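# Residue-level structural notes
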Amino acid sequence: MTAGPGDDDIRWQRPSPRLLRARRLQAGLVTAPAALAGALIAGTAGSPVLGAVVGLALVAAGLLWERFLARRVAAWGYAERHEDLMVRRGVLIRRESVIPYGRMQFIDVTAGPVERSLGLATLRMHTAAAASDARIPGLENAVAGKLRDQLAALGEAQAAGL
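Here goes a summary of the coordinates provided.

## Regarding the environment of G77
Assignment of secondary structure puts G77 in strand 1 (residues 77–80). Looking at G77, the relative accessible area reads 3%, which means it is buried. For the pair G77 and V87, spaced ten residues apart in the sequence, the C-alpha separation amounts to 5.9 Å. Beyond its immediate chain neighbours, meaning those up to four positions away, G77 contacts W12, Q13, M86, V87 and R88.

Listed below in structure tokens is the structure:
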């Protein structure tokens, strides 16, 4: 991502490299059964050649999906500043969110089965705005817990006017 005006002094943090492995595993867990089912259905309803073509087409779609996931993972970043947290993401539509510490109402740390198996978690910040979708995926469990506690403390201090 290109830096915007005034972004030279921002120190961007990146999610763990294991996030890409998690996304690839999730893509494979969807692609493989879909390709197998598509091949079996097309092969039974049509011909074995049609089944092979459908199966290979679904595998190719899964590989394209993986390339998109790699770019999407590479686009994530976050930066802690004095009064707010910045989160950036997006490949086609790039977003950069600024969440003031004083506006954070609560912070969740969640992890699905694939993330848990790789020791990763997603940190999600909730604000009063219903449309806020501030999250940082792919953090190592210890980093996510530490960042959650740090953001909660900063949020309490900023909300109290300290």
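Here the narrative resumes.
## Some points on the pairing of strand 1
The pairing of strand 1 with strand 2 (residues 84–89) spans four bridges and is antiparallel. Its bridge partner lying in strand 2, A79 is registered against M86. Two successive antiparallel strands, strand 1 and strand 2, enclose a turn made up of three residues.

## Section: the pairing of strand 3 (residues 95–100)
Where strand 2 and strand 3 come together, six bridges link them in antiparallel fashion. Across the sheet, the residue bridging to D84 is P100, located in strand 3. Where strand 2 hands over to strand 3, the hairpin turn is made up of five residues, of which G90 adopts a positive phi near 105°.

## Observations regarding helix 2 (residues 48–75)
What sets the pattern is the α-helix's 3.6 residues per turn: residues three or four places apart point alike. Over its 28 residues, helix 2 runs 41 Å from end to end, which matches the ideal 40 Å to within 8%, given 1.5 Å per residue. Along helix 2, the residues that are buried comprise G51, G55, G62, E66, L69, A70, V73 and A75. Along its buried surface, helix 2 packs onto helix 1 (18–45), strand 1 and strand 2.

## Brief notes about the environment of L92
Considering the arrangement of structural elements, one finds L92 in the loop between strand 2 and strand 3. When its relative accessible area of 77% is taken as the criterion, L92 is described as exposed. Spatially, the C-alpha atoms of L92 and R14 are 19 Å apart, while their sequence positions differ by 78 residues.

## Regarding the nonpolar core
With 17 residues, the main nonpolar core has L85, V87, M104, L123, M125, I136 and L151 as its most contacted residues. Where this core is concerned, the elements lending two or more residues are strand 2, strand 4 (104–110), strand 5 (120–127), strand 6 (134–140) and helix 4 (141–159).

What counts, and at which threshold
- Residues numbered from 1 in each chain as written.
- Predicted model: local features only at pLDDT ≥ 70, side-chain atom pairs only at ≥ 80, totals over all residues.
- Heavy atoms only, no water.
- Helix = DSSP H or I, 4+ residues; strand = E, 2+ residues; numbered from the N terminus.
- Buried < 20%, exposed > 50% of the residue type's maximum accessible area, 1.4 Å probe, protein only.
- Contact = heavy atoms within 4.5 Å.
- Pairing = 2+ DSSP bridges.
- Expected span 1.5 Å × (residues − 1).
- Core = buried A, V, L, I, M, F, W, Y, C linked by side-chain atoms within 4.5 Å.

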